[in-house]
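# Overview (structure and organization)
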Amino acid sequence: MGKWRGKTAFITGGASGLGLSIAKQAAREGMNVVLADLRQEALDEALAWFGENGAGAIGLKFSVTDREAFEEAAREAEKKFGNIHLLCNNAGIGCAHGPLWEMSYDDTDIAIDINLKGVLNGIRAVVPRMIGHGEGGHVVNTSSKNGLMPPPSLGLYNITKGAVVSLTETLAGEMPQGYGASVFCPGPFKTNLGMTSFSVPAILRGESPGAPPSPPPPPPPQDGADFDIEAVRSSELNSDEAGRLVFRGLNRGDLYIITHSEFYEGVRARCEAILRAFPKTPPNEAFKQAFSFIVYNPVFSKQREYR
Ligand SMILES: NC(=O)c1ccc[n+]([C@@H]2O[C@H](COP(=O)([O-])OP(=O)(O)OC[C@H]3O[C@@H](n4cnc5c(N)ncnc54)[C@H](O)[C@@H]3O)[C@@H](O)[C@H]2O)c1
């Protein structure tokens, strides 16, 4: 019997894309599933799959920005399925593009409210209950490859996703025995993110979602390089893959769940740039011992390399 069978997963942004894929994989693992999402039609559509496949699932409509609603949803989920064992803080939106100094205050607030505070709200509402039941549990927070290597002009998205990496690394070190946390850092997947990044902020502002603007043109070739756009797009994974990758990471005990090798060089360059910046003076060993908890987070040494 698999370790997830009979347990309960609570997944935000669970009605679409990566969240729905994680939810379907959770159901395949024998879990009961709570789909949390802001869009009722998407929830209804998503729930049909669970009904057809005889999986236990409910949909709860609320925004992850609404703290009271999140607490109420956690209570509702427990009433239906009992204890929660897997929390996936996955709801998020794409943010306005451009240099940080051009971002409007509204765009800044909505990005942080959903992509960062939404994750913190989930941790606050669900983790004490999870620890309280004592049966073990795990939190998966969806960041992005941008959380590991922030490219220019995507600053709002980068800062929220970078913070999700940092908070998950912190959380993983704080969770008691039998509990853990992982950060999901996807590269490009085919999902509804282009549409929901416009419709969700509109819904939260009480406006009609309307039609999203046409997708932006592909980025121009760099340094005059020529490329075949179809070949480029083939690196975009089908969202069905996401759930399988997340559960593979969970079962291996991965802190970072990473999907695309294309970003390896960029992340390595960042890590190496940070290491190069350290002073070459010998460290004060007494300081290191006295403040060992700020000098080293043991969660990093537990990570294995897979081929
Ligand atoms: N698709 C990609 O290429 C990609 C890459 C990296 C990271 N991500 C991240 O993956 C996560 C899921 O995105 P996706 O690509 O599956 O998009 P998606 O639009 O298909 O799914 C996201 C879901 O989250 C819901 N949602 C958004 N804001 C919400 C809120 N405030 N409260 C409740 N529900 C809310 C939406 O209604 C939607 O159903 C996001 O955090 C996104 O930033 C996606």
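Quick look at the structure, then. (Residues numbered from 1 in each chain as written. Predicted model: local features only at pLDDT ≥ 70, side-chain atom pairs only at ≥ 80, totals over all residues.)

## Section: the pairing of strand S6 (residues 179–185)
Counting buried residues in S6 gives six out of seven residues, a clear majority hidden from the surface. Strand direction decides the pairing type here: strand S5 (residues 137–142) and S6, joined by six bridges, are parallel. By the bridge assignment for S6, Thr 142 is matched with Phe 184. Looking at chain direction, S6 and strand S9 (residues 256–258) are connected through three bridges and run parallel. Note that in S9 the partner of Val 183 across the bridge is Tyr 256. (Buried ≥ 20, exposed ≤ 12 C-beta atoms within 10 Å, placed from the backbone. Helix = DSSP H or I, 4+ residues; strand = E, 2+ residues; numbered from the N terminus. Pairing = 2+ DSSP bridges.)

## Considerations on the site of the ligand
In the neighbourhood of the ligand, 30 residues make up the surrounding shell, with Gly 13, Ser 16, Gly 17, Gly 92 and Thr 191 lying closest. Of all the secondary structure elements, the ones that give two or more residues to the shell around the ligand are helix H1 (17–28), helix H4 (105–133) and helix H6 (193–204). Its residues assigned to classes, the shell around the ligand comprises 13 nonpolar, 15 polar and two charged. (Near = placed C-beta within 6 Å. Nonpolar A, V, L, I, M, F, W, Y, C, P; charged D, E, K, R; others polar.)

## Quick notes on the nonpolar core
The biggest cluster of nonpolar side chains holds 65 residues, and the ones touching the most others in it are Ala 9, Ile 11, Val 33 and Leu 35. Among the elements that line this core, the one with the most residues is H4, at eight residues. (Core = buried A, V, L, I, M, F, W, Y, C linked by C-beta atoms within 7 Å.)

## Description of the packing of H4 against helix H5 (residues 155–174)
For the pair H4 and H5, the least separation of the axes is 9 Å and the interaxial angle reads 15 degrees. Judged by the angle between their axes, H4 and H5 are roughly parallel. Taken as a pair, H4 and H5 cross one another with a handedness that is right-handed. Residues Asp 107, Thr 108, Ala 111, Ile 112, Asn 115, Leu 116, Val 119 and Ile 123 of H4 pack against Leu 156, Tyr 157, Thr 160, Lys 161, Ala 163, Val 164, Leu 167 and Leu 171 of H5. Its residues assigned to classes, the contact of H4 with H5 comprises 11 nonpolar, three polar and two charged. (Axes fitted to C-alpha atoms, helices over the stretch in contact; angles between N-to-C directions. Parallel < 35°, antiparallel > 145°, perpendicular 65-115°, else oblique. Left-handed = near helix turned anticlockwise from the far one by under 90°. Contact = placed C-beta atoms within 7 Å.)

## Structural notes on the environment of Lys 61
Looking at the element boundaries, Lys 61 is found in strand S3 (residues 57–61). A residue is classified by how many C-beta atoms lie within 10 Å of it, and Lys 61, with 16 of them, is partly exposed. For the pair Lys 61 and Gln 40, spaced 21 residues apart in the sequence, the C-alpha separation amounts to 6.2 Å. Once residues within four sequence positions are removed from consideration, Lys 61 is found in contact with Asp 37, Leu 38, Gln 40 and Leu 43.

## Description of H4
Taking 1.5 Å as the rise per residue, H4 with 29 residues should run 42 Å; its terminal C-alpha atoms sit 41 Å apart, in good agreement. Looking at the residues trailing H4, positive phi occurs at Gly 134, about 75 degrees. (Expected span 1.5 Å × (residues − 1).)

## Re the sheet that holds S3
Pairing within the open sheet is parallel, and its seven strands lie in the order S3-S2-S1-S4-S5-S6-S9. Lying at the two open borders of the sheet, with one neighbouring strand each, are S3 and S9. The average undirected angle you get between the axes of adjacent strands in this sheet is 15 degrees.

## Comments concerning the pairing of strand S4 (residues 86–89)
Consecutive residues of a regular strand have side chains that alternate between opposite faces of the sheet. Along S4, one buried face is formed by Leu 86 and Cys 88 and the opposite face, lined by Leu 87 and Asn 89, is buried too. Sheet analysis places strand S1 (residues 8–12) next to S4, joined by three bridges and oriented parallel. Its bridge partner lying in S4, Phe 10 is registered against Leu 87. In terms of strand pairing, S4 meets S5 through four bridges, oriented parallel. Each bridged residue has a counterpart across the sheet, and for Asn 89 the counterpart in S5 is Asn 141. Following the backbone out of S4, through H4 and into the adjacent parallel S5, one traces a crossover that is right-handed. (Right-handed = clockwise from strand over helix to strand, strands pointing away.)

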